[in-house]
Structure formats: C-alpha cells, structure tokens
Amino acid sequence: KSKSTEESSFSLSIEQLERGFFAEGHNLLYENFSIEQNLEYYFKLDNYNTDEFESFFRLLEIQEPVQKPVKELSLGTKQKIVALLVLLSPKKILILDEPTLGMDSDVKQAFMLALLKTSKILLISSHESEFFTLFDSRYECNSQNIVEVG
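Just so it is clear, the model here is predicted, and its values are computed rather than measured. (Residues numbered from 1 in each chain as written. Predicted model: local features only at pLDDT ≥ 70, side-chain atom pairs only at ≥ 80, totals over all residues. Heavy atoms only, no water.)

### Quick notes on unusual backbone geometry
Only a minority of non-glycine residues have a phi that is not negative, and only a minority of peptide bonds are not trans.
Okay, step 1: The backbone phi angle of Glu61 is positive, close to 55°, even though this residue is not glycine.
Okay, step 2: A positive phi angle is found at Glu98, which is not glycine, with a value near 50°.
Okay, step 3: Inspection of the secondary structure puts Glu98 in the loop between β3 (93-97) and α5 (105-116).
Okay, step 4: Residue classification places Glu98 among the buried residues on the basis of a relative accessible area of 15%. (Helix = DSSP H or I, 4+ residues; strand = E, 2+ residues; numbered from the N terminus. Buried < 20%, exposed > 50% of the residue type's maximum accessible area, 1.4 Å probe, protein only.)

### A word on the packing of aromatic side chains
Okay, step 1: This structure, assessed with the given rule, holds six aromatic pairs.
Okay, step 2: Note on Phe43 and Phe53: the rings are 6.2 Å apart at their centroids and 90° apart in plane angle, and the pair reads as edge-to-face. With Phe43 in helix α2 (residues 35-45) and Phe53 in helix α3 (residues 53-59), the pair connects residues that are 10 residues apart, well separated along the chain.
Okay, step 3: Through a chain of ring-to-ring contacts, three or more aromatic side chains come together here, namely Tyr30, Phe33, Tyr41 and Tyr42. (Phe/Tyr/Trp six-rings, centres within 6.5 Å; stacked < 30°, edge-to-face > 60°.)

### Some remarks on the packing of α2 against helix α4 (residues 75-88)
Okay, step 1: Running from N to C, α2 and α4 point in directions that differ by 25°, and their axes come no closer than 11 Å. When the axis of α2 is compared with that of α4, the two are roughly parallel. When the axes of α2 and α4 are compared, the crossing they make is right-handed. Residues Ile35, Leu39, Tyr42 and Phe43 of α2 form the contact with α4, whose participating residues are Ile81, Leu84, Leu85 and Leu88.
Okay, step 2: For the contact of α2 with α4, the residue count by class is eight nonpolar, no polar and no charged. (Axes fitted to C-alpha atoms, helices over the stretch in contact; angles between N-to-C directions. Parallel < 35°, antiparallel > 145°, perpendicular 65-115°, else oblique. Left-handed = near helix turned anticlockwise from the far one by under 90°. Contact = heavy atoms within 4.5 Å. Nonpolar A, V, L, I, M, F, W, Y, C, P; charged D, E, K, R; others polar.)

### Section: a nonpolar patch on the surface
Okay, step 1: A contiguous nonpolar surface patch, about 360 Å² in accessible area, is contributed by Tyr30, Phe33, Tyr41 and Leu45.
Okay, step 2: Topologically, Tyr30 is positioned in the loop between β2 (20-24) and α2.
Okay, step 3: We classify Tyr30 as partly exposed; its relative accessible area is 37%. (Patch = residues over 30% accessible without salt bridge, like charges linked within 9 Å, V, L, I, M, F, W, Y side chains within 5 Å. Areas by Shrake-Rupley, 256 points an atom, 1.4 Å probe, with all protein chains shown as cover. Salt bridge = Lys/Arg side-chain N within 4 Å of Asp/Glu carboxyl O.)

Geometric descriptors of this kind do not, in isolation, establish any biological role.
Okay, structure coming up:
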C-alpha cells in the first residue's frame, strides 16, 4: 500500500543535514587536479576513514594512475573516485544522485553492497531499478508528489 509523504514519519532536521555528504555525479571532483590531489583535498576537509582506503580502491577497480588529471578520466572512473569518497566519508547521512552512472555492472554491485554494510542513512536517486530491492524504504518521485513504494 502506498502512502504520501504527508503520512510518512520520515524527516531530517537541519542539524542532521549538516552532518551529510552530498554527491551529484562526478561534479564533486576538480577537473584540473589529479586523482591524488582530489583525494588529499577532501581528506583534509574532514575526518575521512582512510584505514579502508586500499580495500575500497581495489573494490571499485580503480586502475588509473593516481597522478592522472581528472579531466582525462572516463565518466565511469570519475564516478568510482566519488564512490571512494562516499565510502570513506565520516558523514552519517549520504545523499547520492545517480552514484553508479557509467560504472561497470560488477563494480556497481560491489559499491552498493559496500554502502549497505555501513550504518549510514542513504538517500539515493537513481534510474537503475536493479538496486531498488536492496533498500528498506523506497520512494518514487514525480512532478506531482513523492510516494512510498514497496
């Protein structure tokens, strides 16, 4: 049975949103910086969990040299770099817009499963319906309303 957002008890305070991480595609990355420079920049901004850096780097199958400028990367590789930042983020709330766009199927699956192992609140917008069944709550949005489904 579907219910509208007015009937739903889900809400986030401004304080909770300030503890969030928002990633809209690869727009988070600085195109003229290398992969390494981007990662160093974000790691200095917040208390990232770099203990798991190597394992997530391998999980996401990032194969480009870290000295390579972001502007020379494919869309999929840029998404992988953002996915790495997402997985290492210390934020309690992750807001992701099309986080797997351009990724290979096996990497998408690995990324989504790694996300689900975190104890974070995930808000994800995606057209990739294969992942919808992985989540506890799902909402469908259109120009008229937001409806909880499934």
